[in-house]
Amino acid sequence: MDVALLRHRLRAPLLLLLALACACATTKPQPDALEVKDLKIEGTDKVSEGDIKAKILTTDTPWWEPLWPFDKGPSYFDPNAWQADLRRIERYYQAQGYYQAQVVSNTVKPEGKEAVELVAQVREGEPTRIGTIELSGMEQLPDDHQRRVKAELPLNKGDVFLEENWQGVKELLQGRLRELGYAEAEVGGEVQVDVDTHLASVALQVQPGPRYKFGNIFVATDANPQVAPKRIIEQAQGAVRKGDWYSETALAEAQARVFGMGVFGAVKVNRGGPDREAATVPVVVDVREAPLRSVRLGGGLGVDAARQEGRVLGEWTNRNIFGGLRRLTVRGRLGYAFLPSIYGVSTGQENSKSGLIFEATTEFEQPRFLFRDLRLQASLNGEKGLEQAYSFVGGRLRTGVIWQPHPDLSVFPAYNLELYELKGRVGANEQGIPLITLGCRNNNSDDPNKPCAIQLSYLETTVEWDRRDDKIEPRAGYYAALSVQGGGGPLFGDFTYIRLLPDLRYYQSFGLEQRLTVAGKVRLGTLIPYRNKKTGQRQSSIVNRFFSGGGSSMRGFNSQRLSPQVAINPADPEAGTVPIGGNSLFETSLEVRYRITDSIALASFWDTGFVGAESLSLGGRNALSNSLYHALGVGLRYITVVGPIRVDIARRLPIGPPLPVEGAGYTYPAGGTCFGLGSKKSTYAGAPDGLCTFQLSIGEAF
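The structure displayed is predicted, hence computed values, not measured ones.

Chemist: Account for the nonpolar core, naming residues and giving values.
Modeler: In terms of nonpolar packing, the biggest core is built from 35 residues, with Leu422, Leu438 and Ile542 touching the most fellow members. Looking at this core, the elements with two or more residues in it are β16 (409-423), α9 (435-438), β17 (452-466), β19 (495-510) and β25 (629-638). The element best represented in this core is β17, accounting for four residues. With residues up to four places along the chain from it excluded, the contact list for Leu438 reads Tyr390, Leu422, Lys423, Gly424, Ile433, Ile454, Ser540, Ser541, Ile542 and Arg545. Ranked by size, the runner-up nonpolar core spans 25 residues in total, among them Phe214, Ile232, Leu251 and Val281.

See below:
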């Protein structure tokens with residue numbers, strides 16, 4: 001149930017309905033315009049017909065257009081555009097190395113009175129290959145520099161000559177030279193094509209110019225800046241150091257560092273005019289300040305078969321409180337949760353419950369704590385929540401420092417104190433879960449209707465390396481993180497334990513417009529309990545155990561349902577079970593996303609997952625053998641400014657055992673259907689949960 005914030009106001013459901021209404025409108029045809037029913041390019045062999053169609057203006061009307069409410073409407077025939085497209089086809093072939101390719105004929109065939117069929121016949125000819133490659137102009141550079149500039153160029157003798165590669169190799173050579181300090185390096189050249197022999201002679205001419213070092217840093221800012229220029233220079237110096245060799249990578253890092261200060265709406269870092277006598281290049285940091293105070297309002301929702309929830313959110317930030325760019329943020333979240341559903345609560349369904357939930361957080365951040373790349377951060381949080389096995393009221397105090405030596409890398413060691421009052425309430429009729437199951441006792445009583453207190457005191461270090469192109473909707477790059485917790489012992493608290501949680505994600509897009517994205521995730525965790533001070537047992541608390549299932553984890557299960565379970569009433573299997581979490585976690589996900597339009601995307605995914613009662617043992621049965629569950633699914637995304645509104649439907653595969661359920665005498669009830677369809681049986685992979693899931697949420701799964 002990911003939720004996003006807007007700078008001003010946004011109601012996500014209203015936005016979705018408005019967008020759907022607008023999308024249903026179709027383009028009104030022009031008077032006497034003929035619809036393009038079909039477009040064929042015949043004679044293609046070495047070059048893809050689809051790639052050619054992507055480069056021309058004329059398109060045909062897809063067969064699904066009458067059924068698809070988000071399409072722009074039929075495609076219409078423009079004779080002038082068609083004639084220009086015939087020339088574009090030949091030009092595209094030339095760019096692919098086929099300089100003798102020709103459109104030998106084209107046909108505009110009427111299809112009734114209101115449509116046409118277009119056919120272009122091409123003759124490809126033979127491809128032109130690279131005969132010779134000559135690279136000159138670097139003779140005076142050190143041998144090491146020459147080797148680094150020439151390494152693994154995408155032009156080789158015998159390859160088909162591609163204009164894209166030709167342009168790319170010039171940019172690559174220029175970029176490599178500038179990374180070595182040759183700030184004014186230029187690369188030109190020419191290609192001579194012999195149409196008779198189908199050979200191309202490639203000549204590259206390099207003008208490296210002098211090698212420069214970084215000089216002084218200058219700041220261009222607003223007329224009455226509230227941020228002192230020396231603070232901006234200090235941040236830029238984390239990447240650009242006077243006397244170091246010039247590098248455009250360093251300029252990009254300096255720009256990211258300055259923008260990361262969080263007080264600028266726009267930042268641009270460029271090189272100034274070189275000083276040839278001193279062999280130095282000044283650096284110019286151009287910034288535009290954003291408002292130092294901001295208010296954000298927003299909302300979100302999450303829907304699946306185990307939980308339905310709506311939320312409103314607010315956030316107030318002062319980025320310069322007490323001066324010195326100290327930041328104070330107050331954020332709040334207020335919502336209402338229905339377990340398992342609004343329908344279940346309204347009809348008085350057994351074990352259904354609902355309640356108000358909220359969370360309020362105050363966070364203070366002190367930049368340049370002790371030194372430039374270290375920030376002090378402290379936060380105080382209070383919340384009230386409703387889970388399937390219990391309800392709770394509590395809060396957390398956190399204080400630590402964030403070391404960020406690079407814009408993409410952060411290390412956050414912190415001390416945390418968490419205090420919770422838990423009640424093992426399951427349904428509106430106050431059915432309870434034994435407190436010992438939750439990880440606590442109250443005055444040596446195991447009465448589930450009495451609350452119990454839990455105190456966690458622990459140190460946590462989180463390391464993140466984030467190279468994603470977009471944190472809301474990533475399409476390229478990777479993300480790696482590791483969280484390590486150590487609680488109890490000399491820190492006191494009710495539990496002594498170690499908790500590890502590594503997380504790795506990767507994204508790669510393909511195609512001319514990067515519409516196809518392949519995303520992968522691997523996440524695993526282990527919680528090793530040593531002692532519960534209240535019970536004296538090696539036991540963990542439910543508040544820091546692992547759960548899986550839902551829109552942002554293993555989608556073959558509903559929210560938190562992939563977990564060891566406890567029977568509400570072992571004598572009555574139909575009363576159901578609730579998840580109580582486990583001490584081990586393993587998740588993977590492979591997802592393929594394709595953008596049909598700028599606003600609509602489709603996805604297919606394969607999720608696997610496991611949550612075990614015992615700590616993770618990679619060599620044991622509990623993690624990677626018979627207890628691993630699998631699910632296949634499809635999804636629809638509507639792209640908005642706060643991330644995609646996402647609908648996912650998944651079906652669990654018949655691999656793996658039933659979920660482990662505590663409760664003497666418990667027997668699995670008949671189930672295993674897909675949204676009520678199919679035959680019922682008592683034991684199957686993931687019993688007693690159904691085989692299919694539906695999830696509605698905001699934001700990508702990962």
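Once the structure has been displayed, the description carries forward.
Chemist: So what's going on with helix α4 (residues 143-150)? Which residues, and what values?
Modeler: Buried within α4 are the following residues: His145, Gln146 and Val149. Looking straight down α4, one finds its buried side chains confined to an arc of 100°; they lie on one side. In this structure, α4 carries Asp143 and Arg147 as exposed residues pointing more than 90 degrees from its buried face. Backbone geometry just after α4 places Glu152 at a positive phi near 50°.

Chemist: For empty space enclosed by the protein, give the residues involved together with the corresponding values.
Modeler: Gaps left between atoms show up when a probe the size of a water molecule is rolled over them. The tally for this structure, following the rule as stated, stands at three cavities of 30 Å³ or more. Lining the largest cavity we find Glu473, Pro474, Arg475, Arg515, Thr517, Arg593, Tyr594, Arg595, Ala601 and Glu700.

Chemist: Give me the packing of α4 against helix α5 (residues 163-179): which residues, what numbers.
Modeler: Packed helices, taken two at a time, are described by their axes: the angle between them and the distance between them. α5 packs onto α4 with a crossing angle of 145° between their chain directions and a minimal axis gap of 9 Å. Seen from above, α4 lies across α5 with right-handed handedness. From α4, Arg148, Val149 and Lys150 reach across to α5, where they touch Leu173, Arg176 and Leu177. Here the residues of the contact of α4 with α5 are counted per class, giving three nonpolar, no polar and three charged.

Chemist: Tell me about the sheet that holds strand β7 (residues 213-220), and name the residues and values.
Modeler: Sheet strands pair via backbone hydrogen bonds, and the direction of the pair is either parallel or antiparallel. Taken in spatial order, the three strands of this open sheet run β7-β9-β8, and their pairing is mixed. On the outer flanks of this sheet lie β7 and β8 (264-271), each paired with one strand and no other. Sheet twist, expressed as the mean angle between neighbouring strand axes with direction ignored, is 20°. Of the pairings in the sheet, the one linking β7 to strand β9 (residues 280-289) comprises six bridges and is parallel in character. Each residue of the ladder has a partner; that of Ile217, found in β9, is Val283.

Chemist: Lay out the state of the cysteines in plain terms, naming residues and giving numbers.
Modeler: The final tally for this structure, using the stated rule, is two disulfides. A sulfur-sulfur separation of 1.8 Å characterises the disulfide bridge that pairs Cys440 with Cys452. Separated by 12 residues along the polypeptide, Cys440 in the loop between α9 and β17 and Cys452 in strand β17 bring together distant segments of the chain. Summarising the burial analysis for this pair, Cys440 and Cys452 share the class buried.

Chemist: Let's hear about the packing of aromatic side chains: which residues, and what values?
Modeler: Tallied over the entire structure, the rule returns nine aromatic pairs. Measuring from ring centre to ring centre gives 6.0 Å for Tyr390 and Phe392, while their planes differ by 45°; the resulting arrangement is tilted. The pair Tyr390 / Phe392 is uniform in exposure class, with both members buried. Arranged with centres 5.4 Å apart and planes meeting at 75°, the rings of Phe557 and Tyr629 form a pair that is edge-to-face. Of the two residues, Phe557 sits in the loop between β20 (516-532) and β21 (565-567) while Tyr629 sits in strand β25, which places them 72 residues apart along the sequence. Each of the two residues, Phe557 as well as Tyr629, counts as buried. One aromatic cluster in this structure is built from Tyr390, Phe392 and Tyr420. The ring of Trp245 is capped by Lys213, whose NZ or CZ atom sits 4.9 Å from the centre of that ring. Positioned above the aromatic ring of Phe605, the side-chain terminus of Arg555 is 3.8 Å from the ring centre.

Chemist: I'd like a description of the packing of helix α6 (residues 229-236) against helix α7 (residues 248-259), backed by residues and values.
Modeler: Taken N-terminus to C-terminus, the directions of α6 and α7 make an angle of 135°; their axes are 8 Å apart at the nearest point. Taken together, α6 and α7 sit at an angle that is classed as oblique. α7 is crossed by α6, and the crossing has right-handed handedness. The residues of α7 that touch α6, namely those facing Ile232, Gln235 and Ala236, are Ala254, Arg257 and Val258. By residue class, the composition of the contact of α6 with α7 is four nonpolar, one polar and one charged.

The rules behind the values
Residues numbered from 1 in each chain as written. Predicted model: local features only at pLDDT ≥ 70, side-chain atom pairs only at ≥ 80, totals over all residues. Heavy atoms only, no water. Core = buried A, V, L, I, M, F, W, Y, C linked by side-chain atoms within 4.5 Å. Buried < 20%, exposed > 50% of the residue type's maximum accessible area, 1.4 Å probe, protein only. Helix = DSSP H or I, 4+ residues; strand = E, 2+ residues; numbered from the N terminus. Contact = heavy atoms within 4.5 Å. Arc of directions from axis to C-beta. 1 Å grid on protein atoms, 1.4 Å probe; cavity = no way out; pocket = protein on both sides within 12 Å on 5 of 7 lines; lining within 4 Å. Points joined across faces, edges and corners; volume = space filled by probe spheres on them. Axes fitted to C-alpha atoms, helices over the stretch in contact; angles between N-to-C directions. Left-handed = near helix turned anticlockwise from the far one by under 90°. Nonpolar A, V, L, I, M, F, W, Y, C, P; charged D, E, K, R; others polar. Pairing = 2+ DSSP bridges. Disulfide = S-S within 2.5 Å. Phe/Tyr/Trp six-rings, centres within 6.5 Å; stacked < 30°, edge-to-face > 60°. Lys NZ or Arg CZ within 6 Å of the ring centre and 35° of its normal. Parallel < 35°, antiparallel > 145°, perpendicular 65-115°, else oblique.

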